[in-house]
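# Observations on the model geometry
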Amino acid sequence: MKSKRKIFVSALCALLIGSAALPACAYTEEEKQMVKDALSAYGYAPNWDGLNQAYEDYLAGRLDLSAYGIAPVQQYDEPQVEPYDEPQTEPATDQGGTSGTASETPGDGDGAASETPGNGDGAGDENPGSGSSVSENVPETEAASTEAAEPLELGKKLVAADYAEITLKEIAFGKRVYPPVTNGTYQNYICHSEQMQYLDLVFQVKNLTKESILPGDFLSITVNVDGREYPGEMNLCEIGNGTDLSADTPLYAMMEGKLHCVAAVPEDAQSFIVTISINGQTETVVFEKGDPLLETEELLLETPVLAENLAEVTLKGVEMAELDGETYVKAALEIRNLQAYESEISWMLGGSYWDGESRYPGYISLEEDGSMLPEGAGIKADETLLAYLMIPLTEETEAAETESERETESESGSDFENETESVNETEEDTEVSEPEKALRLYLNGTWYSYEME
């Protein structure tokens, strides 16, 4: 009997070639690559771990494949019995006529809330207007919560009814925008305009609609600096457990993810007012460069941090090391695989270093000399191994650039390019998320921070 996992592999292959499910008994290298590409397109790691997670999400109804002809799994709920009410007899009136029938259209009708919110296309008026009543299908608690909206803060959740949930997780500044896990090759976005840099707002988001939404259509931002407005230039989804960024991978129905909203702003700017527009609802974020700009949890020596059903990681030590004439922050990590199967190390975790002024990305190595991970290097189920987080402190101007690049000029006059870069490339920026030097570890969507002297 074919396993459910292999049947799902066949389904993923069918998505790409537009045919019926392929035989599940064997796959060519080309078919395996098709599966990996399909998993990456849906935001999963291109390996068995990602396939398992995708299949679990499909069974739970969190992964919508109906657009490709794959029916969702039938979900069964307990039947709900309507309470029985005794019929009530209207009291007779002395006049013999009808007695004051209530109008079915409350209010004057101006600015009435739409009865079809959350259809995925941004339709639905969520601002009823002065003096008008809110549609009966909107709970009073939700309607009241929008009346006295306060600026969105780090870690505070915003709910756009029947559309999305968003939580601000990070605010970063710099010439480059890159994913949190930088162990392999990844898309890198560079601001080339002089005296300008990128402002990157990172949100944890959940699509509450029944349709897939592209990052650029999900929400928009406008940044006000000293009375001048700078529009958002691009929205990017984290894919592959944070190993890459994509402008073309949609946020699927009822799925969660990380969204980077990027705008070019002056490098010397200190105060910012960001307007967030999402499905007709407007919120603001007010902050300065000196404010806490990254939500982290504490990381201590010899104290494990746990990502359930993924990995347990223990920081064993941190030092500055000189390798081939370059200075590195070198952190020894003990990694234990908590999954029931072998997993690729490259997508499990990542890290960076904050020196009080600049942010530098790092990569995982299995060797003390900092050599790169072999392609496909894995860790077996319940295995524990020693690895090293290597963070080169190379100035941004010295970072290598590849020949393949794509440049685009935005309306604000800043240029950015998207290029594939190696893990040895780094970034210098002016983020002030932590007052002290800190080693940062990224595990399963959470940043952990170890303060260094």
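Going by the structure above, here's the rest.
About the thresholds
Residues numbered from 1 in each chain as written. Predicted model: local features only at pLDDT ≥ 70, side-chain atom pairs only at ≥ 80, totals over all residues. Heavy atoms only, no water. Helix = DSSP H or I, 4+ residues; strand = E, 2+ residues; numbered from the N terminus. Contact = heavy atoms within 4.5 Å. Areas by Shrake-Rupley, 256 points an atom, 1.4 Å probe, with all protein chains shown as cover. Core = buried A, V, L, I, M, F, W, Y, C linked by side-chain atoms within 4.5 Å. Buried < 20%, exposed > 50% of the residue type's maximum accessible area, 1.4 Å probe, protein only. Pairing = 2+ DSSP bridges. Axes fitted to C-alpha atoms, helices over the stretch in contact; angles between N-to-C directions. Phe/Tyr/Trp six-rings, centres within 6.5 Å; stacked < 30°, edge-to-face > 60°. Lys NZ or Arg CZ within 6 Å of the ring centre and 35° of its normal. Expected span 1.5 Å × (residues − 1).

### Notes on the overall build of the protein
Tallying secondary structure elements over the protein gives 5 helices and 25 strands in all. At a minimum sequence separation of 6, the contacts of the protein that also span at least 24 residues come to 68%. For the protein, the accessible surface area stands at approximately 24,000 Å², while carbon and sulfur atoms represent 47% of it.

### What to know about the nonpolar core
The biggest cluster of nonpolar side chains holds 44 residues, and the ones touching the most others in it are Leu 199 and Phe 218. In this structure Leu 199 touches Ile 171, Ala 172, Phe 173, Val 223, Cys 261, Val 262, Ala 263, Val 265, Phe 272, Val 274 and Phe 287, once residues within four positions along its chain are discounted. Of all hydrophobic cores here, the second largest spans 32 residues; its members include Ala 45, Trp 347, Leu 349 and Leu 441.

### Describing the sheet that holds strand S19 (residues 363–365)
Across the sheet, which stays open at both edges, the 5 strands sit in the order S13-S14-S15-S21-S19 with antiparallel pairing between neighbours. Pairing within the sheet leaves two strands with one partner each, and these edge strands are strand S13 (305–307) and S19. The sheet shows a mean angle of 35 degrees between the axes of neighbouring strands, direction not considered. Direction of pairing for strand S15 (residues 326–337) relative to strand S21 (residues 384–392): antiparallel, over a ladder of 9 bridges. Each residue of the ladder has a partner; that of Arg 336, found in S21, is Thr 384.

### Some points on the packing of aromatic side chains
Under the counting rule described, the total for this entry stands at 5 aromatic pairs. By the ring-pair criterion, three or more aromatic residues cluster together here, those being Phe 173, Phe 272 and Phe 287. Just above the ring of Phe 173 sits the side chain of Lys 289; from NZ or CZ to the centre is 5.1 Å. Over the aromatic face of Tyr 388 sits the side chain of Lys 330, whose NZ or CZ is 5.0 Å from the ring centroid.

### Some words on the pairing of strand S4 (residues 186–191)
Counting buried residues in S4 gives 5 out of 6 residues, a clear majority hidden from the surface. Note: strand S3 (residues 176–177) against S4, 2 bridges, orientation antiparallel. Opposite Val 177, over in S4, you have Tyr 189 as the bridge partner.

### Some remarks on helix H3 (residues 48–59)
The terminal C-alpha atoms of H3, which comprises 12 residues, lie 16 Å apart, in line with the 16 Å expected from a rise of 1.5 Å per residue. Those residues of H3 that fall on the buried side of the exposure criterion are Asp 49, Gly 50, Leu 51, Asn 52, Ala 54, Tyr 55, Asp 57 and Tyr 58. Looking one or two places after H3, you find Gly 61, whose phi comes out positive at around 85 degrees.

### As for unusual backbone geometry
Backbone geometry at Asn 279 places phi at a positive 55 degrees, although glycine is not the residue there. When you line up the elements, Asn 279 lands in the loop between strand S10 (271–278) and strand S11 (281–288). Asn 279 sits in the buried class, given a relative accessible area of 8%. Its identity as a non-glycine residue notwithstanding, Glu 302 has a phi of 60 degrees, on the positive side. Among the structural elements, Glu 302 can be located in the loop between strand S12 (296–298) and S13. Take Glu 302: its relative accessible area is 47%, and that puts it in the partly exposed class.

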